[in-house]
Amino acid sequence: MIRSLLTVSGATLLSRVLGFTRDALIAALLGAGPVADAFLAAFQLVNVARRLLTEGALNAALVPAWMQAKAAGGAAAAAAFAGRVLGTVSVALAIVAALIALAMPLVIAAVAPGFVGEPTLQLAVDNARLMLPYLAFAGPVTVLMGVLNAQHRFALTAFSPLLFNLSLIGVMIVLLLWPRQAAETALLLAATVGIAGLLQLLMLVWRRGAAIATPLRVSFDAAMRGFLRQALPGMVASSGPQLLIVGGAVIASGAPAAVSWLYFANRLIETPLGVVGTAMGTVLIPELTRAVREDDRAAIAHAENRALQLGAGLALPAMFGLMVLSTPIVQVLFEHGAFGADDTRSTALVLMALALGLPAHVLTKVLSPAFFARSNTSAPLAATLIGLALALATGWPLGLAFGAGGIAAAVALGAWGSALVLLWRGRALFGLGIAPASWRQLALILLASLLMAGLLWLKLTYAWPLVAGAHLAVQALALGLMIGGALAVYGGLLLLLGVVSPARLARAFRKPRDLSP
């Protein structure tokens, strides 16, 4: 599992690095004013749909159903099932995209009520409509990626999303060389989103699509309706982090630039969340599905506890690192062009609050596959909705008291609410628990993370002021050295404390048995 996880995590990390490049260019082109708020509100809306579909969400229902079809009728039956899902989901999402386009003014008014009565509303509507074609392309992309994941072919599905960011980066470089008005720039970027979805679909079809999902059919019979009824709750449940940010943006839309600050800070949270959480869910669902189907309780417990340790081992140092280095990270990545020093201070404050919820997001990503593998999507859905309700209920008073930072704290509270509800339901339904050995490992991971955070604080206090006014390249190099040194110390502490060992790492990297057909 670790080897597969690293494949997905490596590709996700590369995608997130490209995402940082994309967002730094957006900040330079649009800044944090009304045009940026309109573009980012629309982009966030479409991005939720993209993440809801493409980043492991549909795997929750598709992977177990595909494996069941293969076990019952062989490879041909599994391919036929995938072809029916591919055709049905593609047509359904094309219809949904068209309906949303017609109702887009109402949709934007609902997710950004602060825009109502302002020119920002129409800007957001225009941007969102241009982005919507991506939603139709995301349907077939999702099905092809899910079937490949079920076959343990993680590399292609992990690297194909890179095209999304590469397309946007290419267009933004052109716009930097030949600048236009900010509103026109935003519209050109919005149109590129749909083209990026088409490129991703064409790559998957060219490489694998013709063989794994055939014949292509549209079907709304009882079996397909049952599959969709099971899939939709799982898709919503898997998008908890994105829905929480949308909830935060609903509240933040009434304050100038707050949507932009929340967006850019959340982009930094999504890097460790994508590397750990999304990758863990992608790899863990097939692993647990096989163990549950075979009623191998030892394998189930082992997979769940190992996933928890791996998630904590990466999420806890990321949380402390982002909190300590919030200001220099935002400054180096985003403080260029129209994005000023005041925006840096506000975004850094939001980032510190959002980081508090990072371990909860990862915990949810680790716990959810235990439900999905048992074809239970209702419990994760309920946990997601409870967390969202908690974030909205606390976001208004905290936002009034503490501004954008208070809204971000409410998002973190919502994340912890979802995680704790899911843990409680898992214990009640099927005895989900943490082994005593895992508790000890988690305590040692926390200790190593705290020691690493203390080292980072010393570097920030005494070393960063020496380069704070230097050239961007010098600042980026200094920040990279600080982070690299902290990671080296953290790894050394894990070895010293016995959390990991060279022998166990070597076993983890051994190539597993080929399970693909």
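Use the structure listed above.
Here is a short report on the structure shown in this document.

Rules used in this analysis
Every chain is numbered on its own, with residues counted from 1 as its sequence reads. Predicted model: local features are reported for residues with pLDDT of at least 70 only, side-chain atom pairs are reported and counted for 80 or more only, and whole-chain, interface and lining totals are derived from all residues. By convention in this description, side-chain values take in all heavy atoms of the structure and omit both hydrogens and water. We count a stretch as a helix when DSSP gives it H or I for four or more residues in a row; a strand needs E for two or more, and each element gets its number in order from the N terminus. Burial here depends on accessible area, computed with a 1.4 Å probe over protein chains only, as a share of the maximum for the residue type. Under 20% is buried, over 50% is exposed, and the range in between is partly exposed. Should any heavy atoms of two residues lie within 4.5 Å, those residues are considered in contact. Accessibility throughout is a Shrake-Rupley quantity obtained with a 1.4 Å probe, and a residue counts as covered only by protein chains that appear here. Nonpolar cores are built from buried Ala, Val, Leu, Ile, Met, Phe, Trp, Tyr and Cys residues. Side-chain atoms within 4.5 Å join them into one set. In this scheme Phe, Tyr and Trp rings, the latter by its six-membered ring, pair at centre separations within 6.5 Å, and the angle between planes marks the pair as stacked below 30 degrees, edge-to-face above 60, and tilted otherwise. Axis angles are defined between N-to-C directions and span 0 to 180 degrees, where every axis is a line fitted to C-alpha atoms and, for a helix, only to the segment in contact. Residues are grouped as follows: Ala, Val, Leu, Ile, Met, Phe, Trp, Tyr, Cys and Pro are nonpolar; Asp, Glu, Lys and Arg are charged; all remaining types, including Gly, are polar. Here the word oblique covers every angle except those under 35 degrees (roughly parallel), over 145 (roughly antiparallel) and from 65 to 115 (roughly perpendicular). Crossing handedness: left-handed means the near helix sits turned counterclockwise from the far one by under a right angle, and right-handed means the same turn made clockwise. In this scheme, patches are assembled from residues that exceed 30% relative accessible area and form no salt bridge. Like charges are connected within 9 Å, while nonpolar side chains (Val, Leu, Ile, Met, Phe, Trp, Tyr) are connected within 5 Å. Note on definitions: salt bridges are taken to be side-chain nitrogens of Lys or Arg within 4 Å of carboxyl oxygens of Asp or Glu. Counted as a polar contact is a pair of N or O atoms within 3.5 Å, where, for protein atoms, one must be capable of donating a hydrogen and the other of accepting one, and residues adjacent in sequence contribute only when both atoms are in side chains. Given the number of residues in a helix, its expected span is that number minus one, multiplied by 1.5 Å.

**Some details on the overall build of the protein**
Moving on, step 1. Each helix and strand counted, the protein has 21 helices and zero strands in total.
Moving on, step 2. For the protein, the proportion of its 517 residues judged to be buried stands at 56%.
Moving on, step 3. Contacts in the protein between residues at least 24 apart in sequence constitute 84% of all its contacts with a sequence separation of at least 6.
Moving on, step 4. Total accessible area computed for the protein in this model is approximately 20,600 Å², and 71% of it derives from carbon and sulfur atoms.

**Quick look at the side chain of Thr394**
Moving on, step 1. Within the secondary structure layout, Thr394 lies in helix 17 (residues 378-402).
Moving on, step 2. Accessibility expressed as a relative area gives 18% for Thr394, which makes it buried.
Moving on, step 3. Sequence-distant contacts of Thr394, defined by excluding residues within four places in its chain, comprise Ala410 and Leu413.

**Brief notes about the nonpolar core**
Moving on, step 1. Ranked by internal contacts, the top residues of the largest apolar core, which has 145 residues, are Phe39 and Leu354.
Moving on, step 2. Ranked by the residues each element gives to this core, the list is headed by helix 3 (residues 59-102), at 14 residues.

**Structural notes on the packing of aromatic side chains**
Both the distance between ring centres and the angle between the ring planes are used here to describe each pair of aromatic rings.
Moving on, step 1. Under the defined criterion, the tally for this structure stands at eight aromatic pairs.
Moving on, step 2. On the basis of an interplanar angle of 10 degrees and a centroid distance of 5.8 Å, the ring pair of Phe39 and Phe43 is categorised as stacked. With Phe39 and Phe43 both in helix 2 (residues 34-54), this residue pair falls four residues apart, about one helical turn. Exposure class is identical for Phe39 and Phe43. Each is buried.
Moving on, step 3. With 5.0 Å between their ring centres and 45 degrees between their planes, Phe264 and Phe334 make a pair best called tilted. Here Phe334 lies in helix 14 (residues 326-334) and Phe264 lies in helix 12 (residues 258-293), a separation of 70 residues in the sequence.
Moving on, step 4. By relative accessible area, Phe264 is classed as buried at 0%.
Moving on, step 5. The buried category is assigned to Phe334, whose relative accessible area is 0%.

**Observations regarding the packing of helix 10 (residues 222-238) against helix 11 (residues 240-252)**
The geometry of a pair of packed helices is captured by two quantities: the angle between their axes and the separation between those axes.
Moving on, step 1. Look at helix 10 against helix 11: their axes get within 5 Å of each other, and the N-to-C directions meet at 65 degrees. Seen from helix 10, the contacting residues are Val236, Ala237 and Ser238; seen from helix 11, they are Gly240, Pro241, Gln242 and Leu243.
Moving on, step 2. Looking at side-chain class alone, the contact of helix 10 with helix 11 contains four nonpolar, three polar and no charged residues.

**With respect to the environment of Ser167**
Moving on, step 1. Tracing the backbone shows Ser167 in helix 8 (residues 162-177).
Moving on, step 2. Taking C-alpha positions, Ser167 is 9.4 Å from Gly197, a pair spaced 30 residues apart along the chain.
Moving on, step 3. Setting aside its immediate chain neighbours within four residues, Ser167 contacts Thr192, Ala196 and Leu199.

**Re the packing of helix 11 against helix 17**
Moving on, step 1. Close contact between helix 11 and helix 17 brings their axes to 10 Å; oriented N to C, the two are set at 25 degrees. What the angle tells us is that helix 11 and helix 17 run roughly parallel. Read as a crossing pair, helix 11 and helix 17 show a hand that is right-handed. Counting all contacts with helix 11, which are made through Gly240, Leu243, Leu244, Gly247 and Ile251, the residues of helix 17 involved are Thr384, Gly387, Leu388, Ala391, Leu392, Gly395 and Trp396.
Moving on, step 2. Among the residues making up the contact of helix 11 with helix 17, the classes are represented as seven nonpolar, five polar and no charged.

**Some details on a nonpolar patch on the surface**
Moving on, step 1. Where nonpolar side chains cluster on the molecular surface, the patch consists of Val91, Ile95, Leu99, Leu102, Val218 and Phe220 and spans about 580 Å² of accessible area.
Moving on, step 2. Overall, the relative accessible area of 46% leaves Val218 in the partly exposed class.

**Topic: the environment of Gly492**
Moving on, step 1. Residue position: Gly492 is located in helix 20 (residues 472-496).
Moving on, step 2. The exposure class assigned to Gly492 is partly exposed, which follows from its relative accessible area of 34%.

**Some thoughts on the pattern of salt bridges**
Moving on, step 1. For the coordinates displayed, the defined rule picks out five salt bridges.
Moving on, step 2. The partner of Glu270 in a salt bridge is Arg267, with the nearest N and O atoms 2.4 Å apart. Here Glu270 pairs with Arg267, and both are found in helix 12, just three residues apart, close to one helical turn. In this pair, the class of Glu270 matches that of Arg267, namely buried.
Moving on, step 3. Salt bridges linked by common partners bring Arg22, Asp23, Arg267 and Glu270 together as one network.

**Here we look at the side chain of Glu270**
Moving on, step 1. The exposure class of Glu270 is buried, given its relative accessible area of 7%.
Moving on, step 2. Here Arg267 takes part through its side chain, which lies 2.4 Å from a polar atom of the side chain of Glu270.

**A word on helix 10**
Moving on, step 1. The end-to-end C-alpha distance of helix 10 is 25 Å, a good match for the 24 Å that 17 residues give at a rise of 1.5 Å each.
Moving on, step 2. Of the positions making up helix 10, those classed as buried are Met224, Phe227, Ala231, Pro233, Gly234, Met235, Ala237 and Ser238.

**Considerations on the environment of Leu135**
Moving on, step 1. Along the chain, Leu135 turns up in helix 6 (residues 133-150).
Moving on, step 2. Residues Leu135 and Gly194 lie 59 residues apart in sequence; the distance between their C-alpha atoms is 7.9 Å.

**Thoughts on helix 11**
Moving on, step 1. With 13 residues, helix 11 should cover 18 Å at 1.5 Å per step; its first-to-last C-alpha distance of 18 Å lies within 8% of that length.
Moving on, step 2. With 13 of 13 residues buried, helix 11 lies mostly within the body of the structure.

Function cannot be inferred from these measures alone, as they are strictly geometric.
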